[in-house]
Amino acid sequence: MAEQDLYKVLGVEKDASQDEIKKAYRKLSKKYHPDLNHEPGAEEKFKAVNEAYETLGDAQKRAQYDQFGSTGGQQGFGGAGGFGGAGGFGGQDFGGFGGGGGFEDIFSSFFGGGAGGSRRSNPTAPQQGRDLQYEMTLKFEDAIFGKKTTITYNREEQCETCGGSGAKPGTSPVTCSKCHGAGYIQVQTNTPLGRMMSQQVCDVCHGTGKEIKDKCATCGGSGHTEQSHSIKVTVPAGVEEGQQMRLQNQGEAGTNGGPYGDLFIIFRVEPSKDFERDGATIYFKLPIDFVQAALGDEVQVKTVHGDVKLKIPAGTQTGTTFRLRGKGAPRLRGNGNGDERVTVNIETPTHLNKGQKEALKTFAKASGKSVAGNGKSSLFDKLRGV
Ligand code: ZN
Ligand code: ZN
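### Structural notes on the coordination of the zinc ion (ligand 2)
Consideration 1: Looking at the metal site, the zinc ion (ligand 2) is ligated by Cys176 (SG), Cys179 (SG), Cys202 (SG) and Cys205 (SG), spaced 2.2 to 2.3 Å from it.
Consideration 2: The coordination sphere of the zinc ion (ligand 2) comprises four donor atoms, whose angles at the metal cover 104 to 116 degrees; the geometry is tetrahedral.
Consideration 3: All donors to the zinc ion (ligand 2) come from one chain, and their sequence spacing reads C-x2-C-x22-C-x2-C. Separated by 29 residues along the polypeptide, cysteine 176 in the loop between strand 3 (174–175) and strand 4 (184–191) and cysteine 205 in the loop between strand 5 (194–201) and strand 6 (210–211) bring together distant segments of the chain.
Consideration 4: For cysteine 176, a relative accessible area of 2% puts it in the buried group.

Here's what the structure looks like:
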């Protein structure tokens, strides 16, 4: 059917008017209607006629079809005006196109038969299962270094008793008696343009095209059962708050033999009492006293990779930031690590003993300044030289 010329299906010329196309469609759809025509192959022809009319009966879709030709995949996309109109592409969540399932779905819905073939709502086509979300909370360090873990959640899985068919073992679903397996039914409606045929999902089989006489006792005919599902997850090093990871086919079971949906893991990262992080950069506040700042020192600084030595040069001001190269978090999509930025905070001593006080007074004297010494603020204002 993929290679069929839609004009030939309806038996009209390529330059036929819309009116001629409509007349041809009416004639042929009546001729091959499954309720009226029980000859072998009639049903296939009926479907083909409907499909051809779906494209040629719509001026816009017809123009697209004319432009893209009538062969192979081109036809699929030529007729894809039909997908757009029916919300096939537009209406689907793009994230749902996992691992090519989306394209399979499109192709099967176009080529897979059924007069509603080019509609997204072709319910007999395999449909990928729903995507699921899983929120994973990580310790600050685990987000930086990654980890292996196992997660468990509930999901709809294919019923093991019936293999997803929904029918009692030993029986199989039969073709729906109302829609003859098409999954949809034709409904006539009166519009200002005349009587129009439209399609609705079959209310007997709910669009599956199949009726289950003896339902599977395990799943009650749905073909799915809710199961607890465990998988191993490798959290990549360097993930950040709010980032997502997709695991294909770890979502819910599809219908009509369609693939499983995907699982989206959303990472939540707990704060650290020592560090702050922005991407690959880690921020750390280092308290030092004013003697270290004034005379210089070598100190131990905390990093997520362990303590490292940092030289504080003499005369360091509060708020000065030092960079420890490569001591930050790994870059998710790059090489190596970011940096740790160490910001120095000079702490003023609050409880001075007698000896310390004397020493500071001596210091002030040596600086050529007189210090009253009865108010801390004046002393330290002077020490700071402000
Ligand atoms: Zn079952
Ligand atoms: Zn039906």
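Anyway, onward from the coordinates.
### Quick word on the sheet that holds strand 11 (residues 281–289)
Consideration 1: Taken together, the four strands give an open sheet; going across it, the order is 10-11-15-14, and neighbouring strands pair in mixed fashion. Strand pairing shows two members of the sheet lacking a second neighbour, strand 10 (275–278) and strand 14 (321–324), which therefore form its edges. Averaged over neighbouring strand pairs, the angle between their axes works out to 30 degrees when direction is ignored.

### A few points about the coordination of the zinc ion (ligand 1)
Consideration 1: Listed as protein donors to the zinc ion (ligand 1) are Cys159 (SG), Cys162 (SG), Cys216 (SG) and Cys219 (SG); their distances from the metal cover 2.3 Å.
Consideration 2: Its four donor atoms give the zinc ion (ligand 1) angles of 103 to 118 degrees at the centre, a pattern that matches the tetrahedral case.
Consideration 3: All donors to the zinc ion (ligand 1) come from one chain, and their sequence spacing reads C-x2-C-x53-C-x2-C. Residue cysteine 162 is located in the loop between strand 2 (147–158) and strand 3, and its partner cysteine 216 is located in the loop between strand 6 and strand 7 (224–235); the two are separated by 54 residues in the primary sequence. Here cysteine 162 matches cysteine 216 in class, with each residue buried.

Scoring rules and cut-offs
Residues numbered from 1 in each chain as written. Chains lettered and ligands numbered in written order. Predicted model: local features only at pLDDT ≥ 70, side-chain atom pairs only at ≥ 80, totals over all residues. Heavy atoms only, no water. Donors = N, O, S within 2.8 Å, 3.2 Å for Na, K, Ca; no water. Tetrahedral: all angles 85-135°; square planar, octahedral: opposite > 155°, others 65-115°. Helix = DSSP H or I, 4+ residues; strand = E, 2+ residues; numbered from the N terminus. Buried < 20%, exposed > 50% of the residue type's maximum accessible area, 1.4 Å probe, protein only. Pairing = 2+ DSSP bridges. Axes fitted to C-alpha atoms, helices over the stretch in contact; angles between N-to-C directions.

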